[in-house]
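# Breakdown of the fold
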Amino acid sequence: MTNMNTEQWSPKIVAFFCNWCTYTASDLAGVSRLRYAPSTRVIRVMCSGRIDPEFIMEAFAKGADGVLIGGCHPGDCHYSEGNYKCLRRYDLLQRYIEQMGIDTRRLRLEWISAAEGKKLQEVVNEMTNTLKEIGPSKIKHVVETIEK
Amino acid sequence: MSNQKEEIRIGYYVCHCGHNIAGVIDVKSVAEYCAKLPNVVVAREYKYMCSDPGQELIQKDIKELNLNRVVVASCSPLLHESTFRGATSKAGLNQFYMQMVNIRENASWVHESKEEATEKAKDLSRAAIHRVAFNKALEKKKVPVNPTALVVGGGIAGIAAAMSLANAGKKVYLVEKDPTIGGYMAKFDKTFPTLDCAACILTPKMSSVLKHPNITLLSYSEVSEVEGYVGNYKIKVTRKPRYVKEELCVGCYDCITACTFKEGKFPDEFNFGLSKRKPVYIPFPQATPLVAVIDEKTCIHFKTGKCPQTCAKACERNAIDFTQKPEVVELNVGVVILTTGFQPFDAKKASNYGYGKYPNVFTSLEVERLVNASGPTEGHVVLRDGVTHPKSIGIIHCVGSRDEKTNKWCSRVCCMYSLKLAHLLKEHSGAEIYNFYIDMRTPGKGYEEFYDKLLNEGVQFIRGRVAEVNDWATTPEEKGKLLIRAEDTMIGMVRRIPVDMVVLAVGLEPGKDAQEIRKMFNISCSNEGFFLERHPKLAPVDTFTEGVFIAGACQGPKDIPDSVAQAGAAAAQALALIDTGHVELEPNTAFITEERCCGCQVCVAMCPYTAISFDPVKKASSINEALCKGCGTCVAACGSNAITQNLFTDVEIMSEIDGILIN
Amino acid sequence: MGNDKPKLKLAVYWGAACGGCCVSVLDVHEKLFDVVANADLVFWPIALDVKYKDVEEMPDQHIDVTLFNGAVRNSENEHIAKLLRQKTKIMIAYGSCAHMGGIPGLANFSTKEELYKRVYEDSESTENAQKVYPQTETTIAEGKLTLPNFYKDVCTLDQIVDVDYYLPGCPPQTERLVEVFMAVVTGAELPPKGSVIGAGSKVQCDECKREKVNKSGITRFYRTWEKEDDGKTCLNEQGFLCMGPATRNGCGVRCVEGNAPCRGCYGPLDGIPDPGAKMMSAIASMLNEKEEGDIQKALDTVVDPAGTFYRFSLPGSILRRKQS
């Protein structure tokens, strides 16, 4: 399976992971040696509530094929409600990026607890496959090339 | 932004971690690649960066090459960030000028393709190299640690942890939700493999807890609210009304004798319903504290208001108080140890074994009470009818353990306690005993020897998972018996064994309030619902919340020796924190730049800790650093960019994004 | 004061704009005399008969200050922007369109084809059976006629030429223009290149007189006709989408003073690359709902989020235009 993947184009996903849940889950996936697609580039934040929509746009504008946000399950936020703030921003952003002609599957929010290394693996693989179906992002090109 | 003007001199270090990283990632090419990136003065690879020589390498370079930034690409920062921060500060550089790159957990351990893992390591390293230029020098804030501890759960783990702390001279609050401490251990007859009597070793500990001048026991109480942070927790404990004044009751039983109910009428929790109790009761003779409790659900006074209150009249000390209300006690503690235990698997869920359907199917815990000399039958092994002595008994292992349909995990204690019960049942009843097991798991000191002993005692062992227990007799001999159908994998055939009594060796599950407790204390659970330790090997009693430790079966199934050992470990960790006297807090708090703040107060509502307040005179908001926990939610909500989160500033994160993507 | 000094040479030009910016220059009223006393207007298409070729003939850096208003959306805009840049010492992006793309920048939500189809075929007032579209060159008996090339993208001025300062607003407040102008005339020290001038350094809320009650979060949003404004409470807290929390002040909170929510024409504060993103973040944060369905229901009341949050700033935002 991996031979096949390495020959193909591999998407680049900028992943913002909450320190307390998804980042820990990705450590757990590592410790458990769960293999998954090498597409994510993780940026650790203390809470998904820290994720500024600007970060997501910047990632798309600079060439990310996808952006993955990993936060704590509803009710489980380490800081009580940061994940809800994240969810509300995400829901609004999804509407915005759809209007901007961006496939909404390029932006994904998942609740992955510290124990869910397996879920992390599945989410990354799934998203990677989806992005492979959609193909490389042209956002960077569009942003950088003024068409006359 | 003075740090943008200074010349940035970065030292980059990539760790082999033996073969852990270097086996997958071409560390040499990563180092060569990074050496060419802007601001990088030196890029090295080394076998083990976390080793002393690895750390010295960094320190030497900082001094000799005048480095002012350090990037270490190795394992997860959750593991070694403090190591490399320490190395950096020892060389005289602010520790926050060090940025870690996780290329082990996040790359080499999870990817097979060497090229792609190497590519990823380069991307992540480049991101850190971009970011570190913007890192700011910060200082950790020291806050004092309140030297008082809270232990939640009064089973053997909680008792052991509380005693260790109290013996070390620390004040301890021990909170127990039941009317007595002792937990499950108090209900056991003998303990494996030594067969010493559980009560004999436990009850002296229970009374030590009660007598200890450093321990405040809050029984029949539950934690209802947790606030604060490491070293300074504010805990609210709700004391449930016993309707008996604890300070007056001497445990004389007069009220119980005098109760309108002449006989016990309600299932006795302590004996798993094998006996009956009155609405006013003492759970068991050694209950600690030895104080009666009135159960409002069954007491006539509470149900009808028409009780003659004979109990109250019988109490010479006027200890009975029907007007008691739940009372909230506020505690200030520095550390918390959670020892909230487990719950036994509900045997009814394994419906093929007939628990609840056939009266003579028992759970192992019921049998613990049956074989107990102070139990409901004074140690006589009898069937549910209370008189018949069983002549044959089948013990089924792994009920609610190692089972795809119920719980996948091994409960670790069932093989051993089943062996113990087999021994005790044989001893008490002389019955024929069959053990149905999948694998015999006896990894403990003296455990395998105990198994050997049982093999020689004439107990039958059948290796195979039991398919079903029923009463469908096909021969006259089977009539009135329970039939156990199981595959005997040793002889390769299905067997059908008639017995008088079936004992289900139920497994251990997370406590039913585990989720609630987890949320209150802001810790995580692993998949199956037991509390999650910070690191399975290196921090087995720590949690991701500083100052909150876990011990005993709340962390995962374990036996008494392991629970006590873990309790000791948790107590030691708590002591280390208390005796240090202070904790250093990660400086990831946020602050508001007044000149930019417009006073729109969007952020004020963002903060779950009410750390942000608006000053109507200055027309600006400000953050109380002591209250800020550093989530950064307000930062993202500020339309003026007036809020900065230390360690996670906008420019730091933006540069990390750009670093990942700009090749 | 300016008499002993040579007079400043001033140019005003409009690109893709409504003309409001030029009117705002005229709005200086009697102050125009101060301006004229100190400056010669060398190029201003709506007011003076100066030809492009006159500008082309000027020496480089001949003009002291150019106020360029309007976005760049066709080849003519681009040509003149470049020409003026070459002839000007201080190039000021004047008004929201030059600054961030402005209202014409909303065209970046559509392709050129969509725009042409709408304008030259589908619009209610159009009958165009032959599907005649503008051509850059048309040959007729008398010779060749040319039209500027209509670009696919609307651009901010600084995406085309180097800009020295930005004077935001739709249109900029005239008082601010006079202040800036007088600063140039008196030779006061000018702010660093790239600065936003003639505007405040905080966002709208700083000057807003409305009360914050900080009660509970918002459960839905209202368009202005859907609910009566109480006239005193923060518009966002009442559920009217007001861009104030992410919009630079300097206008005197004019819209809110007139009981209309701020639309965001002054753009973001320094260091914020994307005002819409900031505003979305702030607005979404203010929502009260927790359940996915409830959040979606609340967001349904934000009609056209992209158009709302990027009303004046789409070409200047991070993502710049709709993907096609």
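About the thresholds
- Residues numbered from 1 in each chain as written.
- Chains lettered and ligands numbered in written order.
- Predicted model: local features only at pLDDT ≥ 70, side-chain atom pairs only at ≥ 80, totals over all residues.
- Heavy atoms only, no water.
- Helix = DSSP H or I, 4+ residues; strand = E, 2+ residues; numbered from the N terminus.
- Rg over C-alpha atoms; globule rule 2.2 N^0.38 Å.
- Buried < 20%, exposed > 50% of the residue type's maximum accessible area, 1.4 Å probe, protein only.
- Contact = heavy atoms within 4.5 Å.
- Areas by Shrake-Rupley, 256 points an atom, 1.4 Å probe, with all protein chains shown as cover.
- Pairing = 2+ DSSP bridges.
- Buried area = accessible area lost by both parts, 1.4 Å probe.
- Salt bridge = Lys/Arg side-chain N within 4 Å of Asp/Glu carboxyl O.
- Polar contact = N/O pair within 3.5 Å; in protein donor to acceptor, adjacent residues only side chain to side chain.
- Nonpolar A, V, L, I, M, F, W, Y, C, P; charged D, E, K, R; others polar.
- 1 Å grid on protein atoms, 1.4 Å probe; cavity = no way out; pocket = protein on both sides within 12 Å on 5 of 7 lines; lining within 4 Å.
- Points joined across faces, edges and corners; volume = space filled by probe spheres on them.
- Domains from an automatic or database assignment.
- Disulfide = S-S within 2.5 Å.
- Axes fitted to C-alpha atoms, helices over the stretch in contact; angles between N-to-C directions.
- Core = buried A, V, L, I, M, F, W, Y, C linked by side-chain atoms within 4.5 Å.
- Phe/Tyr/Trp six-rings, centres within 6.5 Å; stacked < 30°, edge-to-face > 60°.
- Lys NZ or Arg CZ within 6 Å of the ring centre and 35° of its normal.

So, about the overall build of chain C. What chain C contains, in helices and strands, is 12 helices and nine strands. Relative to the globule expectation of 20 Å for 324 residues, the C-alpha radius of gyration of chain C, 22 Å, shows essentially globular dimensions. Along the first, second and third principal axes, the C-alpha atoms of chain C reach 65 × 60 × 30 Å. The proportion of buried residues among the 324 residues of chain C is 52%. Across chain C, the fraction of contacts at a sequence separation of at least 24, relative to all contacts at a separation of at least 6, is 74%. Surface summary for chain C: the accessible area is close to 14800 Å², and the carbon and sulfur share equals 51%.

Of the strand pairs in this sheet, strand 32 (residues 612-615) of chain B and strand 33 (residues 620-623) of chain B are connected by four bridges, and their pairing is antiparallel. Across the sheet, Asp615(B) pairs through a bridge with Ala620(B), a residue of strand 33 of chain B.

Right, let's get into the interface of chain C and chain A. Contacts between the two partners involve 41 residues from chain C, matched on the other side by 30 residues from chain A. Buried surface at the junction of chain C and chain A, summed over both partners, amounts to about 3400 Å²; 61% is from carbon and sulfur atoms. The largest share of the area that chain C buries against chain A comes from Lys290(C), Leu319(C) and Gln323(C), three residues that together contribute 23% of it. Counting across the chain C and chain A interface gives five salt bridges. The closest approach of N and O atoms between Glu147(A) and Lys152(C), which form a salt bridge, is 3.6 Å. Across the chain C-chain A interface, the total number found is 20 residue pairs in polar contact (both at pLDDT 80 or more). For the side of chain C that touches chain A, the secondary-structure elements that each account for two or more residues are helix 4 (75-87), strand 8 (150-155), helix 10 (275-286), helix 11 (292-300) and helix 12 (305-309) of chain C.

Our next topic: the interface of chain B and chain A. Counting residues at the interface gives 54 residues for chain B, matched by 52 residues for chain A. In total, about 4700 Å² of surface goes out of reach between chain B and chain A, with carbon and sulfur atoms giving 57% of it. Summed over the shared surface of chain B and chain A, the number is seven salt bridges. The shortest N-O distance in the salt bridge between Arg41(A) and Asp123(B) comes to 2.8 Å. Linking chain B with chain A are 20 residue pairs in polar contact (both at pLDDT 80 or more). Mapped by element, the contributors of at least two residues to the side of chain B that touches chain A are helix 5 (77-90), helix 6 (104-108), helix 7 (114-132), helix 16 (514-521), helix 19 (633-637) and helix 20 (650-661) of chain B. The dominant element in the side of chain B that touches chain A, judged by the number of residues it contributes, is helix 20 of chain B, at eight residues. Among the residues forming the side of chain B that touches chain A, the class breakdown is 22 nonpolar, 18 polar and 14 charged.

What follows is about empty space enclosed by the protein. Residue and element names in this part refer to chain C. Considering all chains together, one arrives at nine cavities of 30 Å³ or more under this definition. If you trace the largest cavity, you find 15 residues lining it, with Leu10, Val35, Leu67, Leu177 and Phe181 closest to the centre. Where the lining of the largest cavity is concerned, the elements lending two or more residues are strand 1 (8-14), helix 2 (31-38), strand 3 (63-69) and helix 7 (174-185). Sort the elements by how many residues they give to the lining of the largest cavity and helix 7 lands first, with four residues. For the lining of the largest cavity, the class distribution of residues is 15 nonpolar, no polar and no charged.

Residues and elements named next belong to chain C. Structurally, chain C comprises domain 1 (8-103 + 153-196), domain 2 (111-151) and domain 3 (200-318). Facing 18 residues of domain 1, the contacting portion of domain 3 comprises 16 residues. Put simply, domain 1 and domain 3 have one salt bridge between them. A salt bridge links Arg254 to Glu175; its shortest N-O distance comes to 3.1 Å. Joining domain 1 to domain 3, the criterion identifies eight residue pairs in polar contact (both at pLDDT 80 or more). For the side of domain 1 that touches domain 3, the secondary structure elements donating two or more residues are helix 5 (95-100), strand 8 and helix 7. Ranked by residue count, the leading element in the side of domain 1 that touches domain 3 is helix 5, at three residues.

Below, the discussion takes up the state of the cysteines. Residues and elements named next belong to chain B. As enumerated under the stated definition, the model contains one disulfide over all chains in all. Between the sulfur atoms of Cys197 and its disulfide mate Cys200 the distance is 2.2 Å. What sets the handedness of the Cys197 and Cys200 disulfide is the S-S torsion sign, and at about 90° it is right-handed. With no disulfide of its own, Cys628 lies 6.4 Å from the sulfur of Cys634, the closest cysteine sulfur. With a relative accessible area of 16%, Cys628 lands in the buried category.

Attention now goes to the side chain of Asn214(B). All names here are of chain B. Turning to its location among the elements, Asn214 is positioned in the loop between helix 9 (198-211) and strand 10 (215-218). A distance of 3.5 Å separates a polar atom in the side chain of Asn214 from a polar atom in the side chain of Lys171. Apart from the residues within four sequence positions on either side, Asn214 is in contact with Ala166, Gly169, Lys170, Lys171 and Val172.

Moving on: the sheet that holds strand 25 (residues 482-488) of chain B. All names here are of chain B. In space, the three strands of this open sheet follow the order 24-25-26, with antiparallel pairing throughout. The open sheet is flanked by strand 24 (466-470) and strand 26 (493-499), the only strands paired with a single partner. The average angle at which neighbouring strand axes cross in this sheet is 20°, direction not considered. Pairing of strand 25 with strand 26 involves seven bridges; the strand directions are antiparallel. Each bridged residue has a counterpart across the sheet, and for Leu482 the counterpart in strand 26 is Val499.

With 106 residues, the main nonpolar core has Phe16(A), Tyr96(A), Phe309(C) and Leu319(C) as its most contacted residues. Ignoring any residue separated from it by four or fewer positions in sequence, one finds Tyr96(A) in contact with Met57(A), Met280(C), Ala306(C), Tyr310(C), Ser317(C) and Leu319(C). Core analysis: the next-biggest nonpolar cluster, separate from the first, contains 84 residues, Val151(B), Leu202(B), Ile523(B) and Ala574(B) among them.

Next up on the list: the packing of aromatic side chains. Per the counting criterion, the structure on display carries 21 aromatic pairs over all chains. Between Tyr116(C) and Tyr133(C), the aromatic rings sit 5.5 Å apart at their centres with planes inclined by 80°, giving edge-to-face as the arrangement. Within this pair, whereas Tyr116(C) is found in helix 6 (residues 112-122), its partner Tyr133(C) is found in the loop between helix 6 and strand 6 (137-140), the two being separated by 17 residues in sequence. Between the NZ or CZ atom of Arg277(B) and the centre of the ring of Tyr281(B), over which it lies, the distance is 4.1 Å. Residue placement shows Lys227(C) over the ring face of Phe240(C); its charged tip is 5.8 Å from the ring centre.

On to the pattern of salt bridges, then. Following the criterion strictly, the structure yields 69 salt bridges over all chains and no others. One salt bridge connects Arg104(B) with Glu105(B), and the closest N-O pair in it is separated by 2.9 Å. Looking at Glu105(B), the relative accessible area reads 3%, which means it is buried. Asp40(C) is paired through a salt bridge with Lys7(C); the nearest N and O atoms lie 3.8 Å apart. Placement of the pair is Asp40(C) in strand 2 (residues 39-43) and Lys7(C) in the segment before strand 1, with a sequence separation of 33 residues. With a relative accessible area of 34%, Lys7(C) lands in the partly exposed category. Bridged by salt links that share partners, the residues Arg44(A), Glu81(B), Arg85(B), Lys140(B) and Glu586(B) form one connected network.

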